[in-house]
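Inside the fold
Here is what each chain is made of, one letter per residue.
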Amino acid sequence: MSKRKLDFEISSKRYKELCGFCEQYDEWVKKVGEPLYIHGINYDSDPKPSNHGMSDVTANEALKKFKYKKNIALVEKCAKMADNEWWEYIIRSACYEESWEYLNGTKNLYLSRSSFYERRRYFFFLLDIEKNKE
């Protein structure tokens, strides 16, 4: 990786925001794996002009699942762009908060600490760019 650290720095506040986004990855995966149940129509006490006081719970759940799938795809795309060979380890680190020491000791991560964290920083840089496009 020929990029210098300064080439892909982001602010500490934005980094924290992106970390919080990534830490929801496991939740998204679980929600996408859950079955989508068909619900009846709920009638609100306060009718809304767009749906005549009805709420489509099934459609709302489907939209949430679509959003979760989109978020999962975004994280995986950026991880693969950062390093196509080690992208799963980048996800384990960024989304599950597993350190290089843990990954190196238990998952046979054959990258130096500095090389791994350089790829991780590049992942967050790419994620920042992609999220700004939304």
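Residues numbered from 1 in each chain as written. Predicted model: local features only at pLDDT ≥ 70, side-chain atom pairs only at ≥ 80, totals over all residues. Heavy atoms only, no water.

1. With respect to the nonpolar core
Ranked by size, the top nonpolar core spans 32 residues in total, and within it Val75, Leu109, Phe116, Phe123, Phe124 and Leu127 carry the most contacts. Listing elements by their share of this core, those giving two or more residues are helix 1 (12-22), helix 2 (25-33), helix 3 (57-82), helix 4 (87-96), helix 5 (100-106) and helix 6 (113-133). Ignoring sequence-local partners within four residues, the contact set of phenylalanine 116 consists of Tyr89, Ile90, Ser93, Trp100, Leu103, Leu109 and Leu111. (Core = buried A, V, L, I, M, F, W, Y, C linked by side-chain atoms within 4.5 Å. Buried < 20%, exposed > 50% of the residue type's maximum accessible area, 1.4 Å probe, protein only. Helix = DSSP H or I, 4+ residues; strand = E, 2+ residues; numbered from the N terminus. Contact = heavy atoms within 4.5 Å.)

2. Re the pattern of salt bridges
A complete count under the given rule lists eight salt bridges for this structure. A salt bridge links glutamate 101 to arginine 113, with the shortest nitrogen-to-oxygen separation between them at 2.8 Å. Taken together, the residues glutamate 101 in helix 5 and arginine 113 in helix 6 connect sequence positions twelve residues apart. In this structure arginine 113 comes out as partly exposed when scored by relative accessible area, which is 43%. Measuring nitrogen to oxygen at the nearest pair gives 3.2 Å for the salt bridge that ties glutamate 130 to lysine 133. Of this pair, glutamate 130 and lysine 133 both sit in helix 6, three residues apart, which is roughly one turn of the helix. (Salt bridge = Lys/Arg side-chain N within 4 Å of Asp/Glu carboxyl O.)

3. Here we look at the environment of serine 99
Tracing the backbone through its elements, the reader meets serine 99 in the loop between helix 4 and helix 5. For the pair serine 99 and arginine 113, spaced 14 residues apart in sequence, the C-alpha to C-alpha distance is 9.5 Å. Here tyrosine 102 takes part through its backbone nitrogen, which lies 3.2 Å from a polar atom of the side chain of serine 99. (Polar contact = N/O pair within 3.5 Å; in protein donor to acceptor, adjacent residues only side chain to side chain.)

4. What about the layout of surface pockets?
Of the voids in this model, the largest pocket is the one considered here, and its volume is about 180 Å³. Phe8, Glu9, Ile10, Tyr15 and Arg121 are the residues nearest the centre of the largest pocket, which is lined by ten residues in total. Counting residues per element, the lining of the largest pocket draws most heavily on helix 6, at five residues. The residue makeup of the lining of the largest pocket, split by class, is six nonpolar, no polar and four charged. Its boundaries defined by the atoms lining it, the second largest pocket holds a volume of some 150 Å³. Forming the walls of the second largest pocket are Lys31, Glu34, Pro35, Tyr37, Glu61, Lys64, Lys65 and Tyr68. Element by element, the count of residues in the lining of the second largest pocket is highest for helix 3, at four residues. (1 Å grid on protein atoms, 1.4 Å probe; cavity = no way out; pocket = protein on both sides within 12 Å on 5 of 7 lines; lining within 4 Å. Points joined across faces, edges and corners; volume = space filled by probe spheres on them. Nonpolar A, V, L, I, M, F, W, Y, C, P; charged D, E, K, R; others polar.)

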